[in-house]
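Spelled out, the chains give:
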Amino acid sequence: MAEIRKITDPALIAEVACLADEIWHECYKGIINDAQIDYMVSNFQSKDAMLALFNDGAEFYAVEDDGKIRGYIVLEKEKDSLFLSKLYILSSIRGKGYGSLALKFVKKRAKELGYPSVYLHVNKYNQRAITAYLANGFVNERTLDTDIGDGFVMEDYIMRAKAE
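In every chain, residue numbers begin from 1 and rise along the written sequence. For this predicted model, a pLDDT threshold of at least 70 governs which residues receive local features, and a threshold of 80 or more governs which side-chain atom pairs are given and counted, while totals over whole chains, interfaces and linings are taken from all residues. Computation of side-chain values covers all heavy atoms of the structure but excludes hydrogens and water.

Undergrad: What exactly am I supposed to notice about helix α1 (residues 12–27) here?
TA: Each helix is a run of DSSP H or I of at least 4 residues and each strand a run of E of at least 2, with the numbering of both proceeding from the N terminus. Helix span, as expected, comes to 1.5 Å for every residue beyond the first. When the terminal C-alpha atoms of α1 are compared, their 22 Å separation across 16 residues agrees well with the 22 Å that a helix rising 1.5 Å per residue should span. When a residue's accessible area, from a 1.4 Å probe over protein chains only, is under 20% of the maximum for its type it is buried; when over 50% it is exposed; and in between it is partly exposed. Regarding α1, the residues found buried are Ile 13, Val 16, Ala 17, Leu 19, Ala 20, Ile 23, Trp 24 and Cys 27. With its buried residues spanning 165° around the axis, α1 presents them on a single face. We call two residues in contact when some of their heavy atoms are within 4.5 Å. Taken together, the buried residues of α1 touch β1 (2–7), α2 (34–45), α3 (47–55), β2 (59–65), β3 (68–77) and β4 (82–89). The directions from the helix axis to the C-beta atoms are what the arc is built from.

Below, the structure is given as structure tokens:
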């Protein structure tokens, strides 16, 4: 049975970063090229990058199944809304309701923190994720292309949902 548990021990961030490397290489294959996947994992999903977020106050959550971390959520508190910075789940449990459980949790957490909404960035070619977000009450607000260095660009939609 799936469970979402807050990560309070920074030592677990290394485990999350290893999981991130695996998930990113399975999830983004065919959406962006291998060089960009490696670059983004190194710069945004690495142990050091995640520890920096953790130390800056981002909330980390493990999506667990049978006591093992199978995915992760990172939430960043902003002035007017909660930013769902990261939500990634292993392919072996995708399509089984874990993502919907996580999104329900995120919208509830936004409400607990007093935010009217939660927003996220999603690669505009990641149709599986977009479909899941739409099915869970998110709406597409706009596109955002961001130069992330080394000649790479993130081509995203900004999606938002009401806190619940």
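After presenting the structure, the write-up continues.
Undergrad: How should I be thinking about the packing of α2 against α3 in this particular structure?
TA: Helix packing for two helices is described by the angle between their axes and how far apart those axes are. Geometry is summarised by axes, namely lines fitted to C-alpha atoms with helices restricted to the contacting stretch, and by angles between N-to-C directions that run from 0 to 180 degrees. It is the contact of α2 with α3, at a shortest axis distance of 5 Å, that shows an interaxial angle of 35°. Judged by residue contacts, Asn 43, Phe 44 and Gln 45 of α2 engage Lys 47, Ala 49 and Met 50 from α3.

Undergrad: Just to check I follow, could you spell out the packing of aromatic side chains for this structure?
TA: Both the distance between ring centres and the angle between the ring planes are used here to describe each pair of aromatic rings. Ring pairs are drawn from Phe, Tyr and Trp, using the six-membered ring of Trp, whenever the two centres fall within 6.5 Å, and their geometry is named by plane angle: stacked under 30 degrees, edge-to-face over 60, tilted for the rest. Under the definition given, this model contains nine aromatic pairs. Relative to Tyr 28, the ring of Trp 24 lies with its centre 4.4 Å away and its plane at 35°, an arrangement referred to as tilted. We classify Tyr 28 as buried; its relative accessible area is 7%. Between Tyr 39 and Phe 152, the aromatic rings sit 5.1 Å apart at their centres with planes inclined by 40°, giving tilted as the arrangement. Highlighted residues: Tyr 39 in helix α2 and Phe 152 in strand β7 (residues 152–162), separated in sequence by 113 residues.

Undergrad: Looking at this structure, I do not really get the sheet that holds β4. What am I missing?
TA: What links the strands of a sheet is backbone hydrogen bonding, and the strands pair in either a parallel or an antiparallel sense. For two strands to be treated as a pair, DSSP must find no fewer than two bridges joining them. Spatially, β1-β2-β3-β4-β5-β7-β6 is the arrangement adopted by the seven strands of the open sheet, whose pairing is mixed. Looking along the sheet, the strands with just one partner apiece sit at the ends: β1 and β6 (139–149). Averaged over neighbouring strand pairs, the angle between their axes works out to 30° when direction is ignored. Pairing between β2 and β3: seven bridges, direction antiparallel.

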